[in-house]
Amino acid sequence: MSAETSKNMKEAGEVARLLSYLVLLGGSIALLVESTLIPKSRFEILGAGAFPILIYACLILLLSASSIASIRKLPKGALPDFFKGIGQWAVDRRLVFSVFACLGLYLTAMSFIGFRVSTFFFLLVLQIILGPKTRPALIISVINAVVFSFGLEYLFSTVFNVFLPRGM
Amino acid sequence: MDAFLIGAAEVLSVKTLIFMFIGSIAGIIAAAIPGFTVTMAIVLTLPLTFTMQPLQGISVMLSVYVGGYTGGLISAALLGIPGTPSSVATTFDAFPMARKGEPGRALSLGVWASFFGTIISTIVLIFAAPPLAIFAVKLGPWEYFSLIVFALTIVASLVGNSLQRGLVAALIGLAISTVGTDPILGRARLHFNLEVLEAGLPFLVVLIGIFAISQLASEVEDANETSSGHAIIDRKIEFHTWTVMREVLMRPVNLVRSSIVGVVIGALPGAGGSIANLLAYDQAKRASKTPEKFGTGIADGVVASEAGNSATAGGGLIPMIALGIPGSAVDAILMASLMVHGISIGPRLILDHADLVYGMFVAMAVSSLMMLMICIVSMRAFLHVSEVPKWVIVPAVLVCCVVGAFALNNRITDLYLLGVVGLVGYSLRALDYPLAPLVLGVILGPIAETNLRRALMTDQDMTLFLTRPVSAIFLVAAVASVLWAVRAHLKSKPSQTPPKDTPS
């Protein structure tokens, strides 16, 4: 990796972290305001809202300091470069996005079609996406999907008396 | 003595031993797969222990724990990839030794060093935990609050590349713990009228999401590597088991020193096997007459690193049993497993449930013996585990995570929460936020809040936190810990700056 690429990656990482500080800062301010609305108790000095206020106040201070330090560290033009490189980053991480997309669909579908069917299709689809596109890989994927969907449900219901969702 | 015998009888029952045997194998296999940590193995074991007796459940988890610390050695020695973060230093000498044609000796050295490391840490645990617990019973809410402040500063300063992000992660963990009902009056707060948040965020769902889901997602970042598998370097492996045992015992100073380093590091909240592994290796190198040979495949390096990381298992249990404070994320899960069974963790644990605590001591010793036997008999078979490709393992373990999260409360909403927490965990991991402080923040948050409010309900004088000697010592230690971390952070900064004219 060239020094230039490494430098660009470092800058992109710093911009991403700066954005995360700002998002967390916004969230902390909103939750601090929400915490101040928690009714106080006549039985104790602090009340239910005091600890959250303390935590969010500390978070706001720390995130403000981190944001300022991060802004000072970044050179001019780092932000436009970051947005330019975001497409390539997303392409590089396509499998991670696939995993989360499949997981989201799987968890949503489970309450409708039950654990067995949803897990079978989740495993099959995800293994096909992640694995090599060959016949042996497909056979392994099917076996794995059957074992971890039908087999796992059988194990939990008979051995551990835990009944996984059956769907509507 | 009665309590010891009751605990020992339960651990040594046939049913428990069978479960522990399976647990040891599962721990070794899980940790042998690169990228899969001991923490993840323990998290996945947890739902399986819900239907067991408390001691039986925790014995199984301890067997996974002890097995897991050894399993990381397999891929570290044979592939040069640490199976777990706690095997990083193991690769320094075990891998070169394997490369030089002695993979069996490297594995045997690691297994024996792990065994002796665990036994030494268990002996220290047996002698250190009870007196510390008796002392801890005398502490008030002021001391407890200060202790947790100290624990949190250690967590943030020892984990990760950035002190700021370590502290932010710990505070996010504390913030998560404030959602739901408050621990003193039970008043609802910060739930935004969402049913899933009303009872608070379930600790174990957060744990599985933060550690396991994010780790699994990060495993598939490299598209080319994901669809391929790894090959073991040499099929002709000779273990020389008994010769190697003598070889390990001929290094008593290195073995004991590394184990003590592991115990001490394990006992510090937040510092775990990964730090002990590196520190024990570093200490062995400094004390050696031939430090230049370290890194070329010498036995001292393997013994130090493996004894160091395995000894953290016993060390981490000291603050958990004595003070009710988890020494690491794994200890936090062990603590949670007892809480699931309605057993409150704290200094009274050893007084109220002595049989359980003594049973844990016995379980530690039995686990290490079991690990040793399994490794000696079936090490060759375990080597195949390192060959399982990620595209098979990742989806299957994801399903195990989903089942684990559901089995806790039988609530489908917990699964949605798992998905969201997993996504947040992956984002934080990708942004280089350390995750261990976050999880410890979640578990320490309610203890900190309860003791802070209890202290001020008892006496409104805030200066008591500073005027009570033990509380003051903890607060001074917390300040010192932060200052030390800031100093270490500033010192490491110049060395992190890349040289300007690096050739491409």
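Just so you know, these numbers come straight off a predicted model, no measurement behind them.

## Digging into the overall build of chain A
Turning to step 1, where the next piece is worked out: Helix and strand content of chain A: 5 helices and 0 strands.
Turning to step 2, where the next piece is worked out: Each helix (α) and strand (β) of chain A, taken in turn from the N terminus, gives the series α-α-α-α-α.
Turning to step 3, where the next piece is worked out: Seen through its principal axes, chain A has C-alpha atoms that stretch 60 × 55 × 25 Å.
Turning to step 4, where the next piece is worked out: Counting all 168 residues of chain A, 40% fall into the buried class.
Turning to step 5, where the next piece is worked out: Here the analysis covers contacts within chain A between residues at least 6 apart in sequence; of these, 67% occur between residues at least 24 apart.

## Observations regarding the overall build of chain B
Turning to step 1, where the next piece is worked out: For chain B, the count of helices and strands is 23 helices and 2 strands.
Turning to step 2, where the next piece is worked out: Contacts in chain B between residues at least 24 apart in sequence constitute 80% of all its contacts with a sequence separation of at least 6.
Turning to step 3, where the next piece is worked out: Looking at chain B as shown, the accessible area adds up to about 18700 Å², and 66% of this sits on carbon and sulfur atoms.

## Here we look at the pattern of salt bridges
Any two side chains of opposite charge can pair if their charged atoms end up close together.
Turning to step 1, where the next piece is worked out: The final tally for this structure, using the stated rule, is 15 salt bridges over all chains.
Turning to step 2, where the next piece is worked out: Between Lys73(A) and Glu14(A) there is a salt bridge, with its nearest N and O atoms 3.9 Å apart. Within this pair, whereas Lys73(A) is found in helix H2 (residues 50-73), its partner Glu14(A) is found in helix H1 (residues 3-36), the two being separated by 59 residues in sequence.
Turning to step 3, where the next piece is worked out: Accessibility expressed as a relative area gives 56% for Lys73(A), which makes it exposed.
Turning to step 4, where the next piece is worked out: Given the relative accessible area of 11%, Glu14(A) is considered buried.
Turning to step 5, where the next piece is worked out: Of the charged contacts, one joins Glu449(B) and Arg453(B) as a salt bridge, the two residues approaching to 2.8 Å between their closest N and O atoms. One end of the pair is Glu449(B) and the other is Arg453(B), both in helix H21 (residues 436-458) and 4 residues apart, which spans about a single turn.

## Side note on the confidence of the model for chain B
Residue and element names in this part refer to chain B.
Turning to step 1, where the next piece is worked out: Summarising the model, chain B shows a mean pLDDT of 80, and 87% of its residues fall at 70 or more.
Turning to step 2, where the next piece is worked out: Of the regions scoring below 50 in pLDDT, residues 230-234 engages in 15 contacts with residues more than four places distant in sequence or in other chains.
Turning to step 3, where the next piece is worked out: The model gives residues 495-504 a pLDDT under 50, and that stretch makes 4 contacts with residues more than four places away or in other chains.
Turning to step 4, where the next piece is worked out: Interface predicted TM-score (ipTM) for the complex: 0.92; the corresponding pTM is 0.73.

## Looking at the interface of chain A and chain B
Turning to step 1, where the next piece is worked out: Across the boundary between the two partners, chain A contributes 65 residues, which contact 60 residues of chain B.
Turning to step 2, where the next piece is worked out: Here chain A packs against chain B, burying approximately 5600 Å² in sum over the two surfaces, 79% of which is carbon and sulfur.
Turning to step 3, where the next piece is worked out: For the interface between chain A and chain B, the tally reads 1 salt bridge.
Turning to step 4, where the next piece is worked out: Its salt-bridge partner being Glu221(B), residue Arg93(A) comes within 3.8 Å of it at the nearest N-O pair.
Turning to step 5, where the next piece is worked out: Joining chain A to chain B, the criterion identifies 6 residue pairs in polar contact (both at pLDDT 80 or more).

## Looking at the side chain of Ser149(A)
All names here are of chain A.
Turning to step 1, where the next piece is worked out: Within the element layout of this structure, serine 149 appears in helix H5 (residues 135-158).
Turning to step 2, where the next piece is worked out: Exposure remark for serine 149: the relative accessible area of 0% places this residue in the buried category.
Turning to step 3, where the next piece is worked out: Excluding anything up to four places from it in sequence, serine 149 contacts Phe115, Arg116, Thr119, Phe120 and Leu123.

## What to know about helix H2 (residues 14-32) of chain B
Turning to step 1, where the next piece is worked out: With 19 residues, H2(B) should cover 27 Å at 1.5 Å per step; its first-to-last C-alpha distance of 27 Å lies within 8% of that length.
Turning to step 2, where the next piece is worked out: Burial in H2(B) covers these residues: Thr16(B), Met20(B), Gly23(B), Ser24(B), Gly27(B), Ile28(B), Ala30(B), Ala31(B) and Ala32(B).

## Here's the deal with the confidence of the model for chain A
Turning to step 1, where the next piece is worked out: Here chain A averages 88 in pLDDT, and 97% of its residues register 70 or above.
Turning to step 2, where the next piece is worked out: Per-element averaging of pLDDT across chain A places helix H3 (residues 78-92) of chain A at the bottom with 83 and helix H4 (residues 94-130) of chain A at the top with 94.

## Regarding the environment of Gly308(B)
Residues and elements named next belong to chain B.
Turning to step 1, where the next piece is worked out: Topologically, glycine 308 is positioned in helix H15 (residues 299-323).
Turning to step 2, where the next piece is worked out: For glycine 308, a relative accessible area of 0% corresponds to the buried category.
Turning to step 3, where the next piece is worked out: Taking the C-alpha atoms as reference, glycine 308 lies 31 Å from phenylalanine 50; in sequence the two are 258 residues apart.
Turning to step 4, where the next piece is worked out: With sequence-adjacent residues up to four places away left out, glycine 308 is seen in contact with Ser258, Gly262, Ala276 and Ala280.

## Quick word on the nonpolar core
Turning to step 1, where the next piece is worked out: One finds Tyr106(A), Phe122(A), Tyr65(B), Phe203(B), Leu317(B) and Ile321(B) to be the most contacted residues of the largest nonpolar core, which totals 187 residues.
Turning to step 2, where the next piece is worked out: Ignoring anything within four residues of it in the chain, the contact list for Tyr106(A) reads Phe115(A), Ser118(A), Thr119(A), Phe122(A), Val399(B) and Val402(B).

## Topic: helix H16 (residues 329-340) of chain B
Helical periodicity: at 3.6 residues per turn, an α-helix aligns residues three or four positions apart in one direction.
Residues and elements named next belong to chain B.
Turning to step 1, where the next piece is worked out: Its 12 residues give H16 an end-to-end C-alpha distance of 16 Å, which sits within 8% of 16 Å, the value for a rise of 1.5 Å per residue.
Turning to step 2, where the next piece is worked out: Most of H16 sits inside the fold, with 10 of its 12 residues counted as buried.
Turning to step 3, where the next piece is worked out: Where H16 is concerned, the buried positions are Ala329, Val330, Asp331, Ala332, Ile333, Leu334, Met335, Ala336, Ser337 and Leu338.
Turning to step 4, where the next piece is worked out: Positive phi shows up at glycine 342, right after H16, with a value of about 80°.

## Looking at unusual backbone geometry
Outside of glycine, negative phi angles account for most residues, and trans bonds account for most peptide bonds.
Residue and element names in this part refer to chain B.
Turning to step 1, where the next piece is worked out: Its identity as a non-glycine residue notwithstanding, phenylalanine 192 has a phi of 50°, on the positive side.
Turning to step 2, where the next piece is worked out: For phenylalanine 192, the location among the structural elements is in the loop between strand E2 (188-189) and helix H9 (195-198).
Turning to step 3, where the next piece is worked out: Exposure remark for phenylalanine 192: the relative accessible area of 46% places this residue in the partly exposed category.
Turning to step 4, where the next piece is worked out: Even without a glycine there, the phi angle at asparagine 193 is positive, about 60°.
Turning to step 5, where the next piece is worked out: The exposure class of asparagine 193 is exposed, given its relative accessible area of 67%.

## Some remarks on the side chain of Arg17(A)
Turning to step 1, where the next piece is worked out: Topologically, Arg17(A) is positioned in helix H1.
Turning to step 2, where the next piece is worked out: Among the residues examined, Arg17(A) registers a relative accessible area of 14% and is labelled buried.
Turning to step 3, where the next piece is worked out: Arg17(A) has contacts with Arg165(B), Leu431(B), Asp432(B) and Tyr433(B), leaving out every residue within four places of it along the chain.

## Points about a nonpolar patch on the surface
Residue and element names in this part refer to chain A.
Turning to step 1, where the next piece is worked out: Where nonpolar side chains cluster on the molecular surface, the patch consists of Leu19, Leu22, Leu79, Phe83, Ile86, Trp89 and Phe97 and spans about 640 Å² of accessible area.
Turning to step 2, where the next piece is worked out: Among the elements that make up the nonpolar patch, the one with the highest residue count is H3 (4 residues).
Turning to step 3, where the next piece is worked out: Mapped onto the secondary structure, leucine 19 falls in helix H1.
Turning to step 4, where the next piece is worked out: Residue leucine 19 is classed as partly exposed on the basis of its relative accessible area, which comes to 31%.

## Description of the environment of Thr16(B)
Residue and element names in this part refer to chain B.
Turning to step 1, where the next piece is worked out: With respect to the helices and strands, threonine 16 occurs in helix H2.
Turning to step 2, where the next piece is worked out: C-alpha separation for the pair threonine 16 and alanine 407, spaced 391 residues apart in sequence, amounts to 21 Å.
Turning to step 3, where the next piece is worked out: For threonine 16, the contacting residues outside a window of four places in its chain are Glu10, Val11, Gln56 and Ser59.

The rules behind each value
- Residues numbered from 1 in each chain as written.
- Chains lettered and ligands numbered in written order.
- Predicted model: local features only at pLDDT ≥ 70, side-chain atom pairs only at ≥ 80, totals over all residues.
- Heavy atoms only, no water.
- Helix = DSSP H or I, 4+ residues; strand = E, 2+ residues; numbered from the N terminus.
- Buried < 20%, exposed > 50% of the residue type's maximum accessible area, 1.4 Å probe, protein only.
- Contact = heavy atoms within 4.5 Å.
- Areas by Shrake-Rupley, 256 points an atom, 1.4 Å probe, with all protein chains shown as cover.
- Salt bridge = Lys/Arg side-chain N within 4 Å of Asp/Glu carboxyl O.
- pLDDT = per-residue confidence, 0-100.
- Buried area = accessible area lost by both parts, 1.4 Å probe.
- Polar contact = N/O pair within 3.5 Å; in protein donor to acceptor, adjacent residues only side chain to side chain.
- Expected span 1.5 Å × (residues − 1).
- Core = buried A, V, L, I, M, F, W, Y, C linked by side-chain atoms within 4.5 Å.
- Patch = residues over 30% accessible without salt bridge, like charges linked within 9 Å, V, L, I, M, F, W, Y side chains within 5 Å.

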